[in-house]
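If you want the building blocks of each chain, they are given just below.
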Amino acid sequence: MKSTHHIKTFSYLVLVSAMLFISSCNKDDDKPAPKNITQIVVDGADFSLLETAVLTAQLEGVLANTPNLTVFAPTNAAFLAAGYTEAVIKNTSKTALQALLQYHVLSSIVTSGNVPAGPNAEVATLGGVKLFTTRGANGVFINGVKVTTADVSAANGVIHIIDRVLVPPAGNIVATAQAVPTLSYLVAAVLRADASGTSISGALSAAGPLTVFAPTNQAFIDAGFPTIAAINAADPNTLKNILLYHVIGARVFSSDLTEGAQPTTVQGSKITIKLAGGAKVRGNANIADAGISITDIVTTNGVVHVIDKVLIP
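Residues numbered from 1 in each chain as written. Predicted model: local features only at pLDDT ≥ 70, side-chain atom pairs only at ≥ 80, totals over all residues. Heavy atoms only, no water.

**Section: the sheet that holds strand E7 (residues 157-162)**
Next, step 1: Within the open sheet, the 7 strands sit side by side as E2-E1-E7-E6-E5-E4-E3. Their pairing is mixed. Sheet topology places strand E2 (105-106) and strand E3 (121-124) at the edges, where each strand pairs with a single neighbour.
Next, step 2: Taken together, the 5 bridges between strand E6 (residues 145-154) and E7 define a ladder with antiparallel strand orientation. Across the sheet, the residue bridging to Ser153 is Val158, located in E7. (Pairing = 2+ DSSP bridges. Helix = DSSP H or I, 4+ residues; strand = E, 2+ residues; numbered from the N terminus.)

**Some points on the pairing of strand E1 (residues 69-74)**
Next, step 1: Of all 6 residues making up E1, 6 are buried, and the element is well covered by its neighbours.
Next, step 2: Across the two faces of E1 the burial is the same, with Leu69, Val71 and Ala73 and Thr70, Phe72 and Pro74 all buried.
Next, step 3: Pairing of E1 with E7 involves 6 bridges; the strand directions are parallel. Of the residues in E7, the one forming a bridge with Thr70 is Val158. (Buried < 20%, exposed > 50% of the residue type's maximum accessible area, 1.4 Å probe, protein only.)

**A short note on the environment of Ala137**
Next, step 1: Structurally, the position occupied by Ala137 is in the loop between strand E4 (130-136) and strand E5 (139-142).
Next, step 2: As a C-alpha pair, Ala137 and Gly83 span 54 residues in sequence and 31 Å in three-dimensional space.

**As for unusual backbone geometry**
Next, step 1: At the junction of Gly118 and Pro119, the peptide bond is cis and its omega measures out at 10° in the coordinates.
Next, step 2: Tracing the sequence through the fold places Pro119 in the loop between E2 and E3.
Next, step 3: The phi dihedral of Asn68 is positive, around 60°, even though this residue is not glycine.
Next, step 4: Along the chain, Asn68 turns up in the loop between helix H4 (60-65) and E1.
Next, step 5: Judged by relative accessible area, Asn68 falls into the partly exposed class, the value being 43%.

**Topic: empty space enclosed by the protein**
Next, step 1: Under the counting rule described, the total for this entry stands at 4 cavities of 30 Å³ or more.
Next, step 2: Put simply, the largest cavity is a space of about 100 Å³.
Next, step 3: Lining of the largest cavity is provided by Ile173, Val174, Ala177, Leu186, Val187, Val190, Leu191, Leu204, Val212, Leu243, His246 and Val247.
Next, step 4: At the level of secondary structure, the elements contributing two or more residues to the lining of the largest cavity comprise helix H8 (173-178) and helix H9 (184-193).
Next, step 5: By residue number, the principal contributor to the lining of the largest cavity is H9, which donates 4 residues.
Next, step 6: Tallied by class, the residues present in the lining of the largest cavity amount to 11 nonpolar, 1 polar and no charged.
Next, step 7: Roughly 60 Å³ of volume is contained in the second largest cavity. (1 Å grid on protein atoms, 1.4 Å probe; cavity = no way out; pocket = protein on both sides within 12 Å on 5 of 7 lines; lining within 4 Å. Points joined across faces, edges and corners; volume = space filled by probe spheres on them. Nonpolar A, V, L, I, M, F, W, Y, C, P; charged D, E, K, R; others polar.)

Next comes the structure, spelled out in structure tokens:
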């Protein structure tokens, strides 16, 4: 028969163990529940414009309650750079904002280490429109846009922070150019070049993928085409040769450009890429580089980069 002392000691140990267990459980209970994606956006100091967009688009429930999401979250600076002030966001239609935001969401959890390496691997978004991902030594890129902070964990998925707004394609390369007033000379040149017997507009509307370095109206003026009438009076074959020199037969985002690269154009000659001091491109007969002023305009059949000079083969 055990002594009273041993029984008391055993009872004491059981009591202490029970108290420690209860204390441990209470500590676990005191831990705050992980936030869902909507809560993280609402609480994030640099996500106030994203929050406004989510609420205006009435997607807060989707981002709070849908499991297994991946969100590429633009910062306030990203929205402002894209022209989306709070007032602009609130005056944008719900349908348009939903399309924009759904283009930033994947319907599965994809951590940075599991982003398809690509280059430019196709990934379907929540809205069904494709993004293009690249993962390598330089980081993770979405449509050429670098992920600045990866793998922010949420209760229902993961968030990757980006410094640019991803804009879904509105049409093919020709349709996209037609919607940009500062590219009207380029559109006129494409249509005039069709008279060469080769449908340049058809080629730029085809499935692709293609990359176009698109000269602005001022670039055409500086190259000796002061008006659209001058373009319409030009030799279609000359325009065809020049235009095809602005096209690469692959999808090339700004993140794919490397110093000194010399990709071959659809015209058959090479152009030279320069990155020091900002992204630039030069044609064989150009005496100065063409600056790339706008990068990574995604189209349904490729990507467009706007440049400030006409490239001459």
